[in-house]
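Listed below are the residues making up each chain.
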Amino acid sequence: MENPNYTFLKKNVPNQRITLLQGGTRSGKTRAVMDYLLFICCRYSGLEIDVCRSEFSTLRGTAYSEFKKLLIQSKVI
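Residues numbered from 1 in each chain as written. Predicted model: local features only at pLDDT ≥ 70, side-chain atom pairs only at ≥ 80, totals over all residues. Heavy atoms only, no water.

**Let's talk about the packing of aromatic side chains**
On inspection of all chains with the given rule, the structure shows two aromatic pairs. When the ring of Y6 is compared with that of Y36, the centres are 6.5 Å apart and the planes differ by 65 degrees; the resulting orientation is edge-to-face. With Y6 in helix 1 (residues 4-12) and Y36 in helix 2 (residues 29-43), the pair connects residues that are 30 residues apart, well separated along the chain. For the pair Y36 and F39, a centre-to-centre distance of 6.0 Å together with 40 degrees between the ring planes defines the contact as tilted. Here Y36 pairs with F39, and both are found in helix 2, just three residues apart, close to one helical turn. On the accessibility criterion, Y36 (9% relative accessible area) is buried. For F39, a relative accessible area of 25% gives the class partly exposed. Taken together through their ring pairs, the aromatic side chains of Y6, Y36 and F39 make up a single cluster. Sitting above the plane of the F39 ring, K10 keeps its charged end 4.5 Å from the centroid. (Phe/Tyr/Trp six-rings, centres within 6.5 Å; stacked < 30°, edge-to-face > 60°. Helix = DSSP H or I, 4+ residues; strand = E, 2+ residues; numbered from the N terminus. Buried < 20%, exposed > 50% of the residue type's maximum accessible area, 1.4 Å probe, protein only. Lys NZ or Arg CZ within 6 Å of the ring centre and 35° of its normal.)

Here you go:
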C-alpha cells in the first residue's frame, strides 16, 4: 500500500509552489518526502536538492539517516 503522504506529494507538488504535510509522529511524512525526492532525482538526472534543518546533528539523526537507508534499500548506492 502506498503512503498517502507520498500520493499527496506526487499529486500536489507539480501544481503548487509550497506543499505542507501534516500528521502525527510516525505518520510517514519523512519517508514520503524521501521517496518523492528519490523519484524526482531518478526522473531528472543532474538535479541537486538541498535538505536543511536548523542543526546538523538533528538533520543527521533524522532525514540524513532515513535517506541513506532508502538509497541502500533501493540499491541506488
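**Quick look at helix 1**
Within helix 1, the full set of buried residues consists of N5, Y6, L9 and N12. Along the long axis of helix 1, the arc covered by the buried residues comes to 150 degrees, so they all point the same way. Away from its buried face, by an angle of more than 90 degrees, helix 1 presents the exposed residues P4 and K11. If you follow the buried residues of helix 1, they end up packed against helix 2. A distance of 2.7 Å separates the backbone nitrogen of N5 from a side-chain oxygen at the start of helix 1, and that oxygen is part of N3. (Arc of directions from axis to C-beta. Contact = heavy atoms within 4.5 Å. Polar contact = N/O pair within 3.5 Å; in protein donor to acceptor, adjacent residues only side chain to side chain.)

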